[in-house]
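# Structural description and commentary
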Amino acid sequence: MLFVSSVIVLPVAALWALRWAVRHGEFKNLDKTALSIFDDEEPVGRMTDRFPDAPRNSKPSRS
Amino acid sequence: MNYGPIIFLGIFLTIASSWLGLVLAPQIQFGRQQEIKIEETGEVYPPVRPGLAQQGMEIYKANGCIYCHTQQVRTEGYGADIARNWGQRRTVTRDYLHDKPVMLGTMRTGPDLTNIGVRQTSVLWHLQHLYDPQITSKGSIMPPFRFLFEKRKAGDKPSPDALALPKEFAPEAGFEIVPKQEAKVLVQYLLSLKANAPLPEAK
Amino acid sequence: MSATSPSILRALSPADSGDEVQQRALLAEIDASCRGTLMLFFGASVVWLLIGTAFALITSWKMHSPNFLADISWLAFGRVRPAHLNAVVLGFASEAAIGVTLWLMCRLGRVPLMHAWMVNIAGVFWNVGLAIGIGGILAGDSTGIEWLEIPGYASPLLFVTYALIAIWGIIAFRFRREKHLYVSQWYLLGALFWFPWLYSAAQILLIMEPVRGVVQAAVNWWFGHNVLGLWFTPIGIAAIYYFIPKVLGVPVYKYSLSVIGFWSLALFYNWNGMHHLVGGPLPAWLITVSIVASVMMTIPVITVGLNHHFTMWGHFHKLKDSPVLRFMVFGGMSYTVTSLHGILLALRSVSEVTHFTHSTIAHAHQGLYAFFVMVMFGAIYYIVPRIVQVEWPSARLIRIHFWATAIGIMLYIVPLTIGGTLQGFAMINPDVPFLDLNKYSVVTMTVPYLKMRSFSGFVILVGHLAFATSFVWIVARWIKAARRPQPAQIASHA
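All of the points below concern the structure found in this document.

Cut-offs and rules
Residues numbered from 1 in each chain as written. Chains lettered and ligands numbered in written order. Predicted model: local features only at pLDDT ≥ 70, side-chain atom pairs only at ≥ 80, totals over all residues. Heavy atoms only, no water. Contact = heavy atoms within 4.5 Å. Salt bridge = Lys/Arg side-chain N within 4 Å of Asp/Glu carboxyl O. Nonpolar A, V, L, I, M, F, W, Y, C, P; charged D, E, K, R; others polar. Axes fitted to C-alpha atoms, helices over the stretch in contact; angles between N-to-C directions. Helix = DSSP H or I, 4+ residues; strand = E, 2+ residues; numbered from the N terminus. Parallel < 35°, antiparallel > 145°, perpendicular 65-115°, else oblique. Left-handed = near helix turned anticlockwise from the far one by under 90°. Buried < 20%, exposed > 50% of the residue type's maximum accessible area, 1.4 Å probe, protein only. Pairing = 2+ DSSP bridges. Expected span 1.5 Å × (residues − 1). Disulfide = S-S within 2.5 Å. Core = buried A, V, L, I, M, F, W, Y, C linked by side-chain atoms within 4.5 Å. Patch = residues over 30% accessible without salt bridge, like charges linked within 9 Å, V, L, I, M, F, W, Y side chains within 5 Å. Areas by Shrake-Rupley, 256 points an atom, 1.4 Å probe, with all protein chains shown as cover.

## Considerations on the interface of chain C and chain B
- Counting residues at the interface gives 88 residues for chain C and 72 residues for chain B.
- Counting the contacts that link chain C with chain B gives 2 salt bridges.
- The shortest N-O distance in the salt bridge between arginine 146 of chain B and aspartate 71 of chain C comes to 3.0 Å.
- Within the side of chain C that touches chain B, the residues separate by chemical class into 56 nonpolar, 22 polar and 10 charged.

Right, dumping it as structure tokens:
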């Protein structure tokens, strides 16, 4: 009984939560969140890894 | 908007769901299964393993036999378990009632052992096979378990326990190989592996 | 390891600050705060990597040459194989995972590592517990339960450490400063919460108060699969979601996809466990539920795969400039391939052939090594120079590491998958003898593939030795630099 009710209740709860989130515009600011890992020190457009023998300040291959 | 509590709730509910479905539900369904009396023989099944066999189970467990051997027979027509004579019927939940731990295994580097106690009843075969699988099963990749045996100086007559070995595996003259207690109980465990009692649910 | 400097932090509001100097100070402070703890975890993980690799080679060799070291009881195949598993899973993979998780939580929350003493104690307990546990397995005290072999006298130590780390994770999350929750944080929080639940439930229901009969098998594989699905996979995906965009300087392709990816993974993955028991002595409904859940995994796997792939789109040429990117992309692609393969393996018709064969082992290594371990290598290459403020000493060693492990794991997986599948076809054909030295038999046909696997192990070993050498070398440089009196440096890593 508990099992059956949880199999029904949980997905319903999940879908309801999804509907609530969409209604409240939780998904509108997503691109801002995608950018949150960047900042002025490590901005968008700059690679942050290189081989230790790459000359410093060399431009990595252009996109 | 503080997402934290919502994410936490979601994380909690998702694992709760599978815990309910895959752990609690089976426990409710057959966690209290009992032994059954077999009509044909009047015996209770599954039987409690005798003491020596139970000790042998510990040796099986300690040496990781499960990593090469399974103890589950799949249903006829699904795989070739029954065609290979690994069992007369598939194994069902009741077969494992007394096992702690249940050692179904996941690899068949070697054959399934559910019914090895039906298939191979010779103590000598088992002792020789454990001492060096090449004796009974040439080409086998099972390792030899010589450390379950002791090599000692032979007296005027061989000990009653001394293992009969073909010449190329026998120790040098004046020595004999004697199974340690671990080898003996392990063989008792293997001989106790039988799941051929006719069960109504396995028909 | 001193606590953070509260006055500097309170003066900053990193989420709003546009001041580059302040931000650089904060990032450097975060990295510095992680240093001791992370080097403890990463250092230990490297040691376990070497130990685990040694056990791996011994195990693999014994499979085709059973007389190898056969008279040493504590190196018996059935003991050294679980010793290998626990050393690489709990030793290398989990400790690297914890190090990476701690750093990501700090960086993403933009808050330095607080209460380091908690995780440092956890780290010590973990290594002590694991060493005792693995010693116990070799001595013959294994519990006999796959993925839970660590004997009962060592496992409480491990449980305490997991719990401490999970508690730390919750505290770090609560006191974060960055108000945005990046996708990696959801995965990491999930992993931190799920793992102690899994571990404690399994310990209680299998070892302390074992449930009756084959319910044990259900619990066993609910646990075993979820170590991969709810511990390693989330951490691996979290790492890829952070490091690929970070290395490239490009945001994730479609962030909304990551929401779908996370929740579908959380919902479906943990129901997969019974696919390890297809054909086994359990009710059909239980197995079917897991097969269905396995097929549903196509949703998160394809979602995540698309997201990672399109983030990389147009930037693949940058692989030659970045070691971290190489490991991350290799890992990400392996995740997609192994997951899709795994979904196939769950189907009853496929499982009939492949179950109980070496192809299962190849699949496990593709998930754990080709995906997770490679991602961890990449993460360590990114993190360590930032926390110790010293460059990796040798580009050549890094290249050797990457190529040896990438080629090595492919040499492992591809032949063994083929060989294992052929083994399966042989096994379900009752006309093929199980063992016959003079004919095509199930056992004898696997031997060439097993030998190939051993060969691949040596190739992988070369990579691990290169990695360990780099690690020891950078530690030596770090110690040397720390001894030299220096003006306070806040070097940004260009």
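## Some words on the packing of helix H11 (residues 323-346) of chain C against helix H13 (residues 358-388) of chain C
Residue and element names in this part refer to chain C.
- Between H11 and H13, the shortest axis-to-axis distance is 8 Å and the interhelical angle comes to 160°. Considering their axes alone, H11 and H13 lie roughly antiparallel with respect to each other. The two elements H11 and H13 meet at a crossing, and its hand is left-handed. In contact with Val324, Phe327, Met328, Phe330, Gly331, Ser334, Tyr335, Val337, Thr338, His341, Gly342 and Leu345 of H11, H13 contributes His363, Gln366, Gly367, Ala370, Phe371, Met374, Val375, Phe377, Gly378, Ala379, Tyr381 and Tyr382.

## Thoughts on the pairing of strand E4 (residues 175-179) of chain B
All names here are of chain B.
- Taking burial as the measure, the 5 residues of E4 include 4 buried ones, the bulk of the element.
- By the bridge criterion, 5 bridges tie strand E3 (residues 149-153) to E4 in an arrangement that is antiparallel. Its bridge partner lying in E4, lysine 151 is registered against isoleucine 177.

## Overview of helix H8 (residues 255-268) of chain C
All names here are of chain C.
- Given a rise of 1.5 Å per residue, 14 residues ought to cover 20 Å, and the 20 Å separating the end C-alpha atoms of H8 matches this to within 8%.
- Burial within H8 is extensive, with 10 of its 14 residues counted as buried.
- Listing the buried residues of H8 in full gives Tyr255, Leu257, Ser258, Val259, Gly261, Phe262, Ser264, Leu265, Ala266 and Phe268.

## Looking at the state of the cysteines
Residues and elements named next belong to chain C.
- Scanning all chains against the criterion turns up 0 disulfides over all chains.
- Not engaged in a disulfide, the cysteine cysteine 34 finds its nearest cysteine sulfur in cysteine 106; these two sulfurs lie 4.0 Å apart.
- Here cysteine 34 falls in the buried class, since its relative accessible area comes to 0%.

## Digging into the nonpolar core
Residue and element names in this part refer to chain C.
- Counting residues in each nonpolar core, the largest one holds 220 residues, and the members touching the most others are Trp103, Trp222 and Phe243.
- A per-element tally of this core places helix H7 (residues 215-248) first, with 22 residues.
- Apart from residues no more than four positions distant in its own chain, tryptophan 103 is found in contact with Asp31, Cys34, Leu38, Tyr242, Phe243, Tyr382, Ile383, Arg386 and Ile387.

## Some points on a nonpolar patch on the surface
Residues and elements named next belong to chain C.
- A contiguous nonpolar surface patch, about 850 Å² in accessible area, is contributed by Leu40, Trp117, Ile121, Val124, Phe125, Val128, Ile132, Tyr153, Phe159 and Val160.
- Within the residue set of the nonpolar patch, elements represented by two or more residues are helix H4 (116-139) and helix H5 (155-174).
- The biggest single contributor to the nonpolar patch is H4, with 6 residues.
- The residue tryptophan 117 is located in helix H4 in this model.

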